[in-house]
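Below, each chain spelled out in residue letters.
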Amino acid sequence: EVLCDAVVESISLKGGESARVAFLSTPSLYFSLDEEVRKQCTLFDFDSSMGSCCSQFEFYDYNHPTNIDTKLHGMFDTIVIDPPFITDSVWESYKA
């Protein structure tokens, strides 16, 4: 709940303007937010079935971290990352 509150606060950080937040591999956190808040967010995840229940979905494979549509580059103010498992190689992939 504390993390959700921090994300909601960061979305409202621009003095009335809404910030855009990207969620990388964090579907549980993304879906725990209110629907209104999710409108300012995009979920990036490997499980493409989430696209059927999430209008703000983009396929993301951390093994190919730069394979993201160029129209999304520079679009986000905040990126939330919570990989499914942590190894040095996973962190290196997310850093790309």
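Residues numbered from 1 in each chain as written. Predicted model: local features only at pLDDT ≥ 70, side-chain atom pairs only at ≥ 80, totals over all residues. Heavy atoms only, no water.

(A) Layout of the nonpolar core. Formed by Val-21, Phe-23, Leu-29, Tyr-30, Leu-33, Val-37, Cys-41, Leu-43, Met-50, Cys-54, Phe-57 and Val-80, the largest nonpolar core amounts to 12 residues. Of all the elements in the fold, those that place two or more residues in this core are strand 1 (21-24), helix 2 (27-32) and strand 2 (41-45). Judged by nonpolar contacts, the second largest core, of seven residues, contains Ala-22, Phe-44, Leu-72 and Phe-76. (Core = buried A, V, L, I, M, F, W, Y, C linked by side-chain atoms within 4.5 Å. Buried < 20%, exposed > 50% of the residue type's maximum accessible area, 1.4 Å probe, protein only. Helix = DSSP H or I, 4+ residues; strand = E, 2+ residues; numbered from the N terminus.)

(B) Region of interest: the packing of aromatic side chains. The full count for this structure, using the stated rule, is five aromatic pairs. Plain terms: the ring middles of Phe-44 and Tyr-60 are 6.4 Å apart, the flat faces sit at 90° to each other, and that makes the pair edge-to-face. Residue Phe-44 is located in strand 2, and its partner Tyr-60 is located in the loop between strand 3 (57-59) and strand 4 (78-81); the two are separated by 16 residues in the primary sequence. With relative accessibility at 4%, the residue Tyr-60 sits in the buried group. For the ring pair Phe-46 and Phe-59, a centre distance of 5.3 Å and an interplane angle of 45° mean the geometry is tilted. (Phe/Tyr/Trp six-rings, centres within 6.5 Å; stacked < 30°, edge-to-face > 60°.)

(C) Here's a closer look at the confidence of the model for the chain. When pLDDT is averaged along the chain, the result is 80; 75% of the residues meet or exceed 70. Mean pLDDT across the elements of the chain ranges from a minimum in helix 4 (residues 88-95), with 67, to a maximum in strand 3, with 94. (pLDDT = per-residue confidence, 0-100.)

(D) Geometry of the sheet that holds strand 1. The four strands are arranged 3-2-1-4 in an open sheet whose pairing can be described as parallel. What marks the edges here is a single partner per strand, and that holds for strand 3 and strand 4. Going from strand to strand, the sheet's axes swing by 20° on average, the running direction of each strand aside. Pairing analysis gives four bridges linking strand 1 to strand 2, with the strands arranged parallel. Across the sheet, Ala-22 pairs through a bridge with Thr-42, a residue of strand 2. (Pairing = 2+ DSSP bridges. Axes fitted to C-alpha atoms, helices over the stretch in contact; angles between N-to-C directions.)

(E) Up close: the pattern of salt bridges. This model, assessed by the stated rule, comprises one salt bridge. With a shortest N-O distance of 3.2 Å, Glu-36 and Lys-39 are connected by a salt bridge. Residue Lys-39 is classed as partly exposed on the basis of its relative accessible area of 45%. (Salt bridge = Lys/Arg side-chain N within 4 Å of Asp/Glu carboxyl O.)

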